[in-house]
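Coordinate analysis (summary)
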Amino acid sequence: MEAVALFTFCATEGDELSFNKGDFLKITNMEDDPNWYTAEHHNRKGFVPKNYINLQPHAWFAGRISRGVSESRLRHKECGSFLVRESESAPGEFSMSVSYGDHVQHFKLLQERCGQYYVWEERFPSLNKIVEFYHSNSIAKERTVFLRDPEHFVRRSHQAHALFDLTTQHPTQLQFLRGDVIELLDCSDAQRWRGRCNGRVGYFSPEYVQPIYH
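Residues numbered from 1 in each chain as written. Predicted model: local features only at pLDDT ≥ 70, side-chain atom pairs only at ≥ 80, totals over all residues. Heavy atoms only, no water.

**Details of the sheet that holds strand E10 (residues 117–118)**
Strand order in the open sheet formed by 6 strands is E6-E7-E8-E9-E10-E11, with mixed pairing between adjacent strands. Because the sheet does not close on itself, it has two edges, and the strands there are strand E6 (61–63) and strand E11 (123–124). Of the strand pairs in this sheet, E10 and E11 are connected by 2 bridges, and their pairing is antiparallel. From the neighbouring strand, tyrosine 118 faces E11, where its bridge partner is arginine 123. Its contacts with the sheet put helix H1 (residues 67–74) on E6, strand E7 (82–86), strand E8 (94–99) and strand E9 (104–111), and the angle it makes with E7 is roughly 165°. (Pairing = 2+ DSSP bridges. Helix = DSSP H or I, 4+ residues; strand = E, 2+ residues; numbered from the N terminus. Contact = heavy atoms within 4.5 Å. Axes fitted to C-alpha atoms, helices over the stretch in contact; angles between N-to-C directions.)

The following block contains the structure:
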């Protein structure tokens, strides 16, 4: 799972991880301590205070489920329906299961020593970026398969919390403050969403918000 840093944190112990506000961290363990998580950032690992970060759960992240369970969830789904799951045998590694319509294909999400993820030639700094890229680029080589957002994400996620202030003078852009609730009007573009906040309608980057799941 990924998280965005709400504040800058400077490590004071050797087993802690420093980061800056706005950084994206890969959370690797949330179970050992109620106040601290373990995380990775720029190929470094350590403990991070959970009140300094905001977890970024996604409808497509299924956690630690088996290959068989992922196939049962995606069977008979539309081509491109997918989920990302944690490896059962290798903690900290991930796989992506994708419906091809007639069967489910599994992709190992490989990671370089520098922390970059990849499936084929393209490299990405996070799982989010892989998903974003293959929404508009075929993940399959032998046929065209674009990732599709899970149906329950499209249906249920109608609002989002603002993670940061967004100020702009452009008339088509939406302004809001951290903590505001934004009504999501159009999320079809992975780079630019349209929403309503404080009586105004406009566009904004999805990285500024956290969808609210009901």
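Don't stop here, the text continues.
**Comments concerning the nonpolar core**
In terms of nonpolar packing, the biggest core is built from 21 residues, with Phe82, Val84, Met96, Val98, Leu109 and Leu147 touching the most fellow members. Breaking this core down by element, the ones donating at least two residues are E7, E8, E9 and helix H2 (127–133). (Core = buried A, V, L, I, M, F, W, Y, C linked by side-chain atoms within 4.5 Å. Buried < 20%, exposed > 50% of the residue type's maximum accessible area, 1.4 Å probe, protein only.)

**As for the pairing of strand E3 (residues 36–41)**
Burial of E3 is extensive: 5 of the 6 residues sit out of reach of the surface. Both strand E2 (residues 24–29) and E3 contribute to a ladder of 3 bridges, which runs antiparallel. The partner of lysine 26 across the bridge, within E3, is glutamate 40. Hairpin connection between E3 and strand E4 (residues 44–49): a loop of 2 residues separates the two successive antiparallel strands, and histidine 42 in this loop has a positive phi of roughly 50°.

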